[in-house]
Amino acid sequence: MVVEIEVKDVKVYYGSVRALDGISMSVKKGEILSIVGPNGSGKSTLLKVIDGILKPRYGTVYLDKKRLDSFPPREIAKGIGLVPQRLHTTGMLTVYDFVMSGRRPYINFMPSKIDEEKVYDALKAVGAVDLAERVLEELSGGELQRVIIARALAGEPEVLLLDEPTNNLDLKYQLEAQNIMKDLRIRGLVSIVATHDLTFAYRISDKILMLSQGKIFAAGKPEEVLTAENISKVYGVKPIIIKEYRAVIPGEMEKLYI
């Protein structure tokens, strides 16, 4: 069981453009870390580095003090589950078959009885058992998001990465996503969420990492990071923060971004 994931002094370049600049962070078992910041601040890039998809030019990711790049790809696929921001599917793929694809690192030839049980356990965890025989193209945005999370859970990950899990969801499904995140904490997963939704981050997180232009602007507990001053400087918006509801509401626009 992964107890802690660490990122140490990671720097990533796209050509000559520096996308991440000296990022260091750690998340322990049962914790939820949210990565927030404006578009282009490096949120999704950092998730890709942690998932092993993208290799940093400098710095290292560690799983329980062992370098991530020392693990075989199959072992990384078993240990880390990714819920992507966008999903591209073709054909009439059923929810069951889609979620079963999350078991790929464990399947040698044909799915076993255990694989089938894990698929239904994952669907049950997100309240989507009744969707098993539906076709992906028929699902609503909220239903599809739950199914994507189920696919990641089917692989029994110890680290779960979620990229914008509330993107394009209505209020009902945003609340469902909050409940799912609470369940993930109970399961003892190491959970890392990249999100533009500051209220969502405020409500689900143990820790928040705020990025600006590829650098860490602030890090700590939600109430320490999501201050009016920090948000104003990074987003160029004067927010209204309602602490009793753990909510962040946009206010007036600032003239300059940091």
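As shown above, the structure is provided for reference.
These numbers come from a predicted model, not from an experiment.

A.B. asks: So, the side chain of Gln 178: which residues are in play, and what are the values?
C.D. replies: Here Gln 178 shows up in helix α6 (residues 171-187). Ignoring any residue separated from it by four or fewer positions in sequence, one finds Gln 178 in contact with Phe 200, Arg 203 and Ile 204.

A.B. asks: Go over the pairing of strand β4 (residues 58-63), please, and point to the residues and values.
C.D. replies: Examined bridge by bridge, strand β1 (residues 4-14) and β4 share five bridges and lie antiparallel to one another. Bridge pairing links Glu 6 to Tyr 62 in β4. Direction of pairing for β4 relative to strand β5 (residues 66-67): antiparallel, over a ladder of two bridges. Counted as the bridge partner of Tyr 62 is Arg 67 from β5. Remark: two residues form the turn of the hairpin made by β4 and β5, two consecutive strands paired antiparallel; Asp 64 in that turn has positive phi of roughly 50 degrees.

A.B. asks: Tell me about the layout of surface pockets, residues and numbers included.
C.D. replies: For the largest pocket, the calculated volume is near 670 Å³. Considering the residues around the largest pocket, the lining is formed by 28 residues, among which Asp 51, Ile 53, Ile 76, Ala 77 and Ile 80 are closest to the centre. Counting residues per element, the ones that place at least two in the lining of the largest pocket are α1 (43-51), β4, α2 (73-79), β6 (80-83) and α5 (141-154). Here the residues of the lining of the largest pocket sort into 15 nonpolar, seven polar and six charged. Considering only enclosed or pocket space, the second largest pocket measures out at about 310 Å³ in volume. Looking at the second largest pocket, it is lined by 16 residues, and the ones nearest its centre are Asn 39, Gly 40, Lys 43, Ser 44 and Glu 164. At three residues, the largest contribution of residues to the lining of the second largest pocket is made by α1. Considering only residue class, the lining of the second largest pocket consists of three nonpolar, nine polar and four charged.

A.B. asks: Account for the nonpolar core, with residues named and values stated.
C.D. replies: Nonpolar side chains tend to gather and get buried jointly when the protein is soluble and globular. Ranked by size, the top nonpolar core spans 34 residues in total, and within it Val 95, Val 99, Leu 123, Val 147, Leu 153, Leu 160 and Met 181 carry the most contacts. When residues of this core are traced back to their parent elements, those giving at least two are α3 (95-100), α4 (113-125), α5, β7 (159-163), α6 and α7 (198-204). The leading source of residues in this core is α5, at seven residues. Membership of the second largest hydrophobic core comes to 28 residues, among which are Val 12, Ile 76, Val 190 and Ile 192.

A.B. asks: Describe the packing of α5 against α6, listing the residues and the values that go with them.
C.D. replies: Where α5 meets α6, the axes come as close as 10 Å, and the angle between the chain directions of the two elements is 15 degrees. Comparing the axis directions of α5 and α6 gives the class roughly parallel. Here α5 and α6 pass one another in a crossing that is right-handed. Facing α5, whose interface residues are Gly 142, Glu 143, Arg 146, Ile 149 and Leu 153, α6 presents Tyr 173, Glu 176, Ile 180 and Leu 184. Tallied by class, residues from the contact of α5 with α6 come to five nonpolar, one polar and three charged.

A.B. asks: So, empty space enclosed by the protein: which residues are in play, and what are the values?
C.D. replies: Leftover empty space is mapped by rolling, across the atoms, a probe with the size of a water molecule. Counting across every chain of the model gives one cavity of 30 Å³ or more. If you add up the space inside the largest cavity, you get close to 40 Å³. Considering the residues around the largest cavity, the lining is formed by Gly 142, Gln 145, Arg 146, Ile 149, Leu 169, Tyr 173, Glu 176, Ala 177 and Ile 180. Looking at the lining of the largest cavity, the elements with two or more residues in it are α5 and α6.

A.B. asks: Would you mind going over the packing of aromatic side chains in detail, with residue names and values included?
C.D. replies: According to the stated counting rule, one finds one aromatic pair in the structure shown. Ring geometry for Tyr 96 and Tyr 120: centres 5.7 Å apart, planes at 40 degrees, overall tilted. Placement of the pair is Tyr 96 in helix α3 and Tyr 120 in helix α4, with a sequence separation of 24 residues. A relative accessible area of 16% places Tyr 96 in the buried class. Residue Tyr 120 is classed as partly exposed on the basis of its relative accessible area of 33%. When the ring centre of Tyr 62 is taken as reference, the NZ or CZ atom of Lys 8 above it lies at 5.2 Å. The positively charged end of Arg 57 is found above the aromatic ring belonging to Tyr 13, 4.0 Å away from the centroid.

Analysis parameters
- Residues numbered from 1 in each chain as written.
- Predicted model: local features only at pLDDT ≥ 70, side-chain atom pairs only at ≥ 80, totals over all residues.
- Heavy atoms only, no water.
- Helix = DSSP H or I, 4+ residues; strand = E, 2+ residues; numbered from the N terminus.
- Contact = heavy atoms within 4.5 Å.
- Pairing = 2+ DSSP bridges.
- 1 Å grid on protein atoms, 1.4 Å probe; cavity = no way out; pocket = protein on both sides within 12 Å on 5 of 7 lines; lining within 4 Å.
- Points joined across faces, edges and corners; volume = space filled by probe spheres on them.
- Nonpolar A, V, L, I, M, F, W, Y, C, P; charged D, E, K, R; others polar.
- Core = buried A, V, L, I, M, F, W, Y, C linked by side-chain atoms within 4.5 Å.
- Buried < 20%, exposed > 50% of the residue type's maximum accessible area, 1.4 Å probe, protein only.
- Axes fitted to C-alpha atoms, helices over the stretch in contact; angles between N-to-C directions.
- Parallel < 35°, antiparallel > 145°, perpendicular 65-115°, else oblique.
- Left-handed = near helix turned anticlockwise from the far one by under 90°.
- Phe/Tyr/Trp six-rings, centres within 6.5 Å; stacked < 30°, edge-to-face > 60°.
- Lys NZ or Arg CZ within 6 Å of the ring centre and 35° of its normal.

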